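Analysis of the macromolecular model
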Amino acid sequence: MQLYERSAALGLLDTLLRGAADGGRVGLIAGEAGIGKSSVVKAFAAACGGRAVVLWGACDPLVTPRALGPLHDIARQTGGALAEALAAGAGQSELFSALVAELSGPRQRPPRVMVVEDAHWADEATLDLLVFLGRRIERLPALLLVTYRDDEVGTDHALRAALASVPRSAVKPVPLTPLSAACVAGLAADHGRPGAEVFQLTGGNPLLVTELLAADRAVPATVGDLTRARLRRLSPAAREVAHLVSVIPTSAEAAVLAGAEDAVDECVAGGVLVARGDMMAYRHELLRRAVEESLTPPRRAALHRLALTRLALIEGTDPARLVHHARL
Ligand SMILES: Nc1ncnc2c1ncn2[C@@H]1O[C@H](COP(=O)(O)OP(=O)(O)OP(=O)(O)O)[C@@H](O)[C@H]1O
Ligand SMILES: [Mg+2]
């Protein structure tokens with residue numbers, strides 16, 4: 001698979017690896033779902049070749065998270081003392097020491113790159129592990145890469161506290177930008193689709209672009225699944241807000257959502273809505289359409305009536321918007 005517009009991120013990861021011999025770092029690969037976090041780490045791992053041994057651990061969205069899930073994944077790859085300590089049911093400090101030995105022992109040439117994927121789903125013990133390792137990484141010849149969805153990590157999320165306890169000097173953010181309009185236009189042209197429209201719907205999110213171009217329908221099924229999975233995690237009140245915003249094209253003014261402030265906050269913390277100036281919106285127009293499409297016709301009609309009533313009370317609302325809701 002070809003990765004576009006990631007040479008800066010790959011270059012930064014390469015620099016971090018080359019510097020690891022003089023002091024390891026925590027590379028933070030944060031971004032919304034589908035921005036390309038896993039893809040860039042996989043491309044980096046492939047480009048490392050024999051220059052590093054990459055150890056992969058993943059956190060999963062389980063109802064009951066498995067304790068130290070990523071460490072179990074990694075122990076399966078390393079075997080040795082770490083795997084034995086886990087099998088023997090060793091305590092946390094013994095396990096963490098075994099991991100540090102795995103990352104820093106004299107045999108550890110080439111250097112280790114340890115990946116913890118999807119840390120927004122990390123269990124508490126894994127967060128402890130990130131703190132433990134993060135606070136020691138500068139003394140280890142290893143690179144720790146942590147990927148997470150920053151739009152699912154609100155200000156109160158435990159991952160933020162864990163990362164905040166790692167020394168600033170040890171942390172290196174690896175920024176991932178959306179694909180540019182020019183890049184999206186090029187990809188769209190390959191599929192005979194209008195580039196400007198694909199960019200407007202997806203905001204250049206690589207997952208949304210790929211899915212939209214591969215699908216033969218207005219809202220690809222995978223995008224619908226992704227959006228519905230997020231909505232399922234919301235409380236009924238927050239889901240109600242998400243549904244209401246879904247019938248209002250592009251964005252909804254705060255006044256339309258008056259009285260539901262807590263529910264709005266929950267939508268933001270859950271990565272469903274974002275603030276755009278005074279307005280609330282879905283992160284991408286395609287996601288809004290996916291939710292709107294999932295509503296039954298009577299429910300959609302009721303929400304349009306509600307939107308119409310509320311918008312009519314706001315002075316200066318564009319009459320075309322009122323007509324839009326009145327007609328649907
Ligand atoms: N730079 C890129 N150029 C082209 N396509 C890309 C790029 N980055 C990602 N993609 C495409 O987008 C899809 C999603 O990417 P990826 O799985 O890496 O996202 P992610 O940020 O890890 O998402 P999640 O938060 O769900 O784990 C990939 O399958 C790939 O097809
Ligand atoms: Mg991923």
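Reading guide: rules and limits
What you see as residue numbers is a count from 1 along each chain, following the sequence as written. Working convention: letters from A go to chains and numbers from 1 go to ligands, in the order in which they are written. The model is predicted, so local features are restricted to residues of pLDDT at least 70 and side-chain atom pairs to those at 80 or more, both for listing and for counting; the totals for chains, interfaces and linings are taken over all residues. Side-chain measures here rest on the full set of heavy atoms in the structure, leaving out hydrogens and waters. Paired strands, as defined in this entry, are two strands with at least two bridges between them according to DSSP. Strands are runs of DSSP state E lasting at least 2 residues, helices are runs of H or I lasting at least 4, and numbering of each runs from the N terminus. For helices, the fitted line uses only the C-alpha atoms of the stretch in contact; every axis is such a line through C-alpha atoms, and the angle between N-to-C directions lies from 0 to 180 degrees. Just so you know how the angles are binned, under 35 degrees is roughly parallel, over 145 roughly antiparallel, 65 to 115 roughly perpendicular, and the rest oblique. In this scheme the crossing of two helices becomes right-handed for a clockwise turn of the near helix relative to the far one and left-handed for an anticlockwise turn of less than a right angle. The contact criterion used is simple: two residues touch if any of their non-hydrogen atoms lie within 4.5 Å. Note on aromatic contacts: the rings of Phe and Tyr and the six-membered ring of Trp form a pair at centre separations within 6.5 Å, being stacked when their planes are under 30 degrees apart, edge-to-face when over 60 apart, and tilted otherwise. We call a charge positioned above a ring when the Lys NZ or Arg CZ atom is no farther than 6 Å from the ring centre and deviates by at most 35 degrees from the ring normal. Proximity criterion: a residue is near a molecule or strand once any of its heavy atoms comes within 4 Å of it. Distance and chemistry together define a polar contact, namely a pair of N or O atoms within 3.5 Å, with one atom able to donate a hydrogen and the other to accept it when in protein, and with adjacent residues in sequence counting only for side-chain atoms on both sides. Areas reported here follow the Shrake-Rupley algorithm with a probe of radius 1.4 Å; residue values treat only the protein chains shown as occluding. Three categories are distinguished: nonpolar for Ala, Val, Leu, Ile, Met, Phe, Trp, Tyr, Cys and Pro, charged for Asp, Glu, Lys and Arg, and polar for the others, with Gly belonging to the last. In this entry, domain limits derive from an automatic or database-based domain assignment. Any Lys or Arg side-chain nitrogen located within 4 Å of an Asp or Glu carboxyl oxygen qualifies as a salt bridge. When accessible area is computed with a 1.4 Å probe and restricted to protein chains, residues below 20% of their type maximum are described as buried, those above 50% as exposed, and intermediate ones as partly exposed.

A word on the sheet that holds strand β8 (residues 279-282). Think of a sheet as strands paired side by side through backbone hydrogen bonds, with each pair either parallel or antiparallel. Pairing in this open sheet of 3 strands is antiparallel, and the strands run β6-β8-β7 from one edge to the other. Among the strands making up the open sheet, the edge pair consists of β6 (252-253) and β7 (273-276). Looking at chain direction, β6 and β8 are connected through 2 bridges and run antiparallel. Along β8, the bridge assignment pairs A252 with M280.

The interhelical angle for the contact between helix α5 (residues 92-104) and helix α6 (residues 124-134), taken along N-to-C directions, is 50°, at an axis separation of 11 Å. Considering the angle they form, α5 stands oblique to α6. Here the hand of the crossing between α5 and α6 comes out right-handed. Counted together, Q92, F96, L99, V100 and L103 of α5 and A125, D128, L129, F132 and L133 of α6 form the full contact between these two elements.

Bringing the sheet that holds strand β5 (residues 171-173) into the picture now. With respect to topology, 5 strands assemble into an open sheet ordered β2-β3-β4-β1-β5, the strand pairing being parallel. At either end of the open sheet lies a strand with only one pairing partner, and these are β2 (53-58) and β5. The average undirected angle you get between the axes of adjacent strands in this sheet is 20°. Two strands pair when backbone bridges link them, and strand β3 (residues 112-117) and strand β4 (residues 143-148) are joined in this way by 4 bridges, in the parallel orientation. Note on β4: the bridge partner recorded for M114 is L144.

Moving on: the packing of aromatic side chains. Under the defined criterion, the tally for this structure stands at 1 aromatic pair. Between F96 and F132 the ring centres are 5.2 Å apart and the planes differ by 50°, which places this aromatic pair in the tilted class. In this pair, F96 sits in helix α5 while F132 sits in helix α6, placing the two residues 36 residues apart along the sequence. Sitting over the face of the ring of F132, R136 holds its NZ or CZ atom 3.8 Å from the ring centroid.

Our focus in this paragraph is the site of ligand 1. Every one of the 18 residues lining ligand 1 counts as a neighbour, but Y4, K37, S38, S39 and R149 are closest to it. Contact between ligand 1 and Y4: a nitrogen atom at 2.8 Å from a main-chain N or O atom of the residue. A distance of 2.7 Å separates an oxygen atom of ligand 1 from a polar atom in the side chain of R149. In the complex, 83% of the free accessible area of ligand 1, which totals 630 Å², lies under the protein chains. Of the residues contributing to the shell around ligand 1, the split by class is 7 nonpolar, 6 polar and 5 charged. Summarising the domain contributions, the shell around ligand 1 has at least three residues from each of domain 1 (7-173) and domain 2 (179-214).

So, on to the domain arrangement of the chain. Splitting the chain by domain gives domain 1 (7-173), domain 2 (179-214) and domain 3 (219-327). Of note, the centres of domain 1 and domain 2, computed from C-alpha atoms alone, are 32 Å apart.

Before going further, it helps to examine unusual backbone geometry. Positioned with a positive phi, L68 is a non-glycine residue whose angle comes to about 55°. Along the chain, L68 falls in the loop between β2 and α3 (69-78).

Turning next to the packing of helix α9 (residues 195-202) against helix α10 (residues 206-214). Where α9 meets α10, the closest approach of the two axes is 9 Å, and the angle between their N-to-C directions is 130°. Here α10 runs oblique to α9, going by the angle between their axes. The interaxial crossing formed by α9 with α10 has right-handed handedness. The residues of α10 that touch α9, namely those facing V198, L201 and T202, are L208, V209, L212 and L213. Partitioning the contact of α9 with α10 into residue classes produces 6 nonpolar, 1 polar and no charged.

A separate point is the pattern of salt bridges. Between side chains of opposite charge, a pair can form when the charged atoms approach closely. Applying the stated criterion to the full structure yields 19 salt bridges. Among the salt bridges present, the one from R76 reaches D73, with a minimum N-O distance of 2.8 Å. With R76 and D73 both in helix α3, this residue pair falls 3 residues apart, about one helical turn. Taking the relative accessible area as the measure of exposure, R76 reaches 61% and is therefore exposed. Ionic pairing is found between R230 and E152, a salt bridge with its closest N-O pair at 2.7 Å. Of this pair, R230 sits in helix α11 (residues 221-232) while E152 is found in the loop between β4 and α7 (158-164), placing the two residues 78 residues apart along the sequence. You'll find R230 and E152 in the same group, each marked buried.

Moving on: the pairing of β7. Examined bridge by bridge, β7 and β8 share 4 bridges and lie antiparallel to one another. Residue pairing across strands places L273 opposite Y282, the latter belonging to β8.

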